[in-house]
Amino acid sequence: MKKIAILGAMTAAGLSAGVASAATLDDVKARGKLNCGVTTGLVGFAAPNANGEWEGFDVGVCRAVAAAVLGDPNAVEFVPTTGKTRFTALASGEIDLLARNTTWTFSRDVDLKFEFVGINYYDGQGFMVPKELGVSSAKELDGATVCIQTGTTTELNLADFFRANNISYEPVPIETNAEAQPLYLEGACDVYTTDASGLAATRAAFENPGDHVVLPEIISKEPLGPLVRHGDSDWADINRWVLNALIAAEELGVTSANIAEMSAAAGSNPEINRLLGTEGTLGEMLGLDADWAVRAIAAGGNYGELFEKNIGENTPIGLARGLNAQWTEGGLLYSPPFR
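Below you will find a few notes about this structure. (Residues numbered from 1 in each chain as written. Predicted model: local features only at pLDDT ≥ 70, side-chain atom pairs only at ≥ 80, totals over all residues. Heavy atoms only, no water.)

1. Considering the state of the cysteines
(1) Moving on: Enumeration according to the criterion identifies two disulfides in this entry.
(2) Moving on: Note on cysteine connectivity: Cys36 is disulfide-linked to Cys62, with sulfurs 2.1 Å apart. One disulfide, between Cys36 and Cys62, carries an S-S torsion of -70° and so falls in the left-handed class. Of the two residues, Cys36 is situated in strand S1 (residues 34-39) and Cys62 in helix H2 (residues 57-70); the sequence distance between them amounts to 26 residues.
(3) Moving on: On the basis of relative accessibility, which here comes to 0%, the residue Cys62 falls in the buried class.
(4) Moving on: The disulfide that involves Cys147 links it to Cys189, with 2.1 Å between the sulfurs. Judged by the torsion about the S-S bond (-100°), the Cys147/Cys189 disulfide is left-handed. With Cys147 in strand S9 (residues 144-149) and Cys189 in the loop between helix H6 (177-185) and strand S11 (191-195), this pair connects stretches of sequence that are 42 residues apart. (Disulfide = S-S within 2.5 Å. Helix = DSSP H or I, 4+ residues; strand = E, 2+ residues; numbered from the N terminus. Buried < 20%, exposed > 50% of the residue type's maximum accessible area, 1.4 Å probe, protein only.)

Structure follows, in C-alpha cells:
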C-alpha cells in the first residue's frame, strides 16, 4: 500500500508539473499576444521610435517569440520595467518573458526562481566620464560621484572594484537610464557606470557624444539574456530554441532575404532542413507547427541581422561584434544543434 501511495503521489506531481509547464503557452495563445518585459528605454536595445513603436535588439527577441508562437511579430505588448520592477513583473505573471538587459547570475537563477533561456549578448561593466575630466583609467576615480542604477549587478561590482583598488566613491542612486542621462550631463555625478553596451547606447544619444569617453576597464562579466519563470519547462524550451534559431540561422546562412526560398523545399543541408521544418518534427516537439523558426527568423532577421541593424558598427551605437561574433569567427556565439 505504501508503494502504491508513493507511486500515486509521483503521478500526481508529474501531472501537476505538466499542467504548470503548459500554462504560459496556453495563456499567450488565449490572450493572442505576448507580454514582453523590456527596459524603460535604451536606444538600440529597446525604445519607442518617433511613432511610438518599440524597436531594438531586445525588442527583436520579443517579436521573434511572438512570430513563432502566434504567427505575428506585432502581437506583442511591451511592458517597460526598471532594475527594481523587472523581477516582480515576471514572478507575478504580468509579463511572460523578460527580454531586457538582465545579467544571468547564480542568485537570480536559483534563489529568485527564474530560468535564463540563453545568452543573447556577452557584456561587461564599464565607466563613462566627460572628456574634460581628464581621466584615462577608472583607477583614477578616487573620490568620484558615480551614477548607478539600483537593483542591478552593477552596484556590487562597483563596490568590489573600488574596494579592491583602495579608492573611494560616492554613489548617486538612479532607477532608470533615462533618469541617469540628465543627471550625468548636468554634472550631478562625475561618472556613469553600467554595462558597456548601455554606455555606448547612452553616449550615442548625447548631443555631443565626442565630449564623453568610455574608460578602458571592463570590471565584470555580464552575460545578458532573456528569462522566464521556473516550473514552466515547455515555455522555457520555446524561448530557448527561438533564440537558438536566430543564432543558428546566421551560422547557416539563413537570412530574412532568402528564408522564403530556402523554406519552400528541402535542400541539401539536413541541419537547415530541420531548422526550417522541411524535414523532421522539431516543431511538433515544441508544441508548435513546422514553420515556427521560419516565422521567428523572418520577423527581424537572424542574430547577425538584428545586431547590425540595431547596435552594430554602422549604427550610432557602433558596437563591434567582439565576443558576440559566431564561434566560427572567434566569438562565443554558439547554438546547440537542431537534431
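Still more to cover.
2. Some words on unusual backbone geometry
(1) Moving on: One non-glycine residue, Lys113, lies in positive phi territory at about 65°.
(2) Moving on: By the element assignment, Lys113 lies in the loop between helix H4 (106-110) and strand S6 (114-116).
(3) Moving on: For Asn166, which is not a glycine, the phi torsion comes out positive at approximately 55°.
(4) Moving on: Examined against the element boundaries, Asn166 turns out to sit in the loop between helix H5 (154-164) and strand S10 (169-174).

3. A closer look at the packing of aromatic side chains
(1) Moving on: The full count for this structure, using the stated rule, is 18 aromatic pairs.
(2) Moving on: Taking the centre distance of 6.4 Å and the plane angle of 80° together, the rings of Phe57 and Tyr121 count as edge-to-face. Taken as a pair, Phe57 in helix H2 and Tyr121 in strand S7 (residues 121-123) lie far apart in primary sequence, 64 residues in all.
(3) Moving on: Ring geometry for Phe127 versus Phe161: centroids 5.6 Å apart, planes at 45°, classification tilted. Highlighted residues: Phe127 in strand S8 (residues 125-130) and Phe161 in helix H5, separated in sequence by 34 residues. (Phe/Tyr/Trp six-rings, centres within 6.5 Å; stacked < 30°, edge-to-face > 60°.)

4. A word on H5
(1) Moving on: What H5 keeps buried is the set Thr154, Asn157, Leu158, Phe161 and Phe162. For H5, the buried positions fall inside an angular range of 125° around the axis, keeping them on one side. Exposed side chains of H5 directed beyond 90 degrees from the buried face belong to Leu156, Arg163 and Ala164.
(2) Moving on: Two residues or fewer after H5 comes Asn166, characterised by a positive phi angle close to 55°. (Arc of directions from axis to C-beta.)

5. A short note on the packing of H2 against helix H8 (residues 233-252)
Helix-helix packing is described using two parameters, namely the angle between the two axes and the distance between the axes.
(1) Moving on: Across the interface, H2 lies against H8 with an axial gap of 10 Å and an inter-helix angle of 115°. Note that H2 runs across H8; the crossing there is right-handed. Of the residues in H8, those in contact with Ala64, Val65, Ala68 and Val69 of H2 are Trp235, Ile238, Asn239, Val242 and Leu246.
(2) Moving on: When grouped by side-chain class, the residues that make up the contact of H2 with H8 number eight nonpolar, one polar and no charged. (Axes fitted to C-alpha atoms, helices over the stretch in contact; angles between N-to-C directions. Left-handed = near helix turned anticlockwise from the far one by under 90°. Contact = heavy atoms within 4.5 Å. Nonpolar A, V, L, I, M, F, W, Y, C, P; charged D, E, K, R; others polar.)

6. So, the packing of H8 against helix H13 (residues 303-310)
(1) Moving on: The interhelical angle for the contact between H8 and H13, taken along N-to-C directions, is 95°, at an axis separation of 6 Å. The angle between H8 and H13 places the two elements in the roughly perpendicular class. The residues of H13 that touch H8, namely those facing Leu246, Ile247 and Glu250, are Tyr303, Gly304 and Leu306.
(2) Moving on: When its residues are assigned to classes, the contact of H8 with H13 shows four nonpolar, one polar and one charged. (Parallel < 35°, antiparallel > 145°, perpendicular 65-115°, else oblique.)

7. Considerations on the environment of Ile148
(1) Moving on: Along the chain, Ile148 turns up in strand S9.
(2) Moving on: Once the C-alpha coordinates of Ile148 and Leu158 are considered, the two residues, ten residues apart in sequence, prove to be 8.7 Å apart.
(3) Moving on: Beyond its immediate stretch of four places on either side in the chain, Ile148 contacts Thr154, Glu155, Leu158, Pro171, Val172, Pro173, Ile174 and Thr193.

8. Describing the nonpolar core
(1) Moving on: One finds Trp235 and Trp292 to be the most contacted residues of the largest nonpolar core, which totals 59 residues.
(2) Moving on: Considering every element that reaches this core, the biggest residue donor is H8, with ten residues.
(3) Moving on: Listed in part, the 14 residues of the second largest apolar core include Phe127, Leu141, Phe161 and Val191. (Core = buried A, V, L, I, M, F, W, Y, C linked by side-chain atoms within 4.5 Å.)

9. As for the sheet that holds S9
(1) Moving on: An order of S10-S9-S11-S8-S12 is seen for the five strands of this open sheet, with the pairing classed as mixed. The sheet terminates laterally at S10 and strand S12 (212-214), the two strands that pair on one side only. Strand-to-strand twist of the sheet, defined as the mean angle between neighbouring strand axes without regard to direction, takes the value 30°.
(2) Moving on: In the sheet, S9 pairs with S10 via six bridges, with the strands oriented parallel. If you follow Gln149 over to S10, its bridge partner there is Ile174. (Pairing = 2+ DSSP bridges.)

10. Examining the environment of Ala325
(1) Moving on: Secondary-structure assignment places Ala325 in the segment after H13.
(2) Moving on: Along the chain, Ala325 and Tyr303 lie 22 residues apart, while their C-alpha atoms are 9.8 Å from each other.
(3) Moving on: Residues contacting Ala325, with those up to four places away along its chain left out, are Gly331, Leu332 and Leu333.

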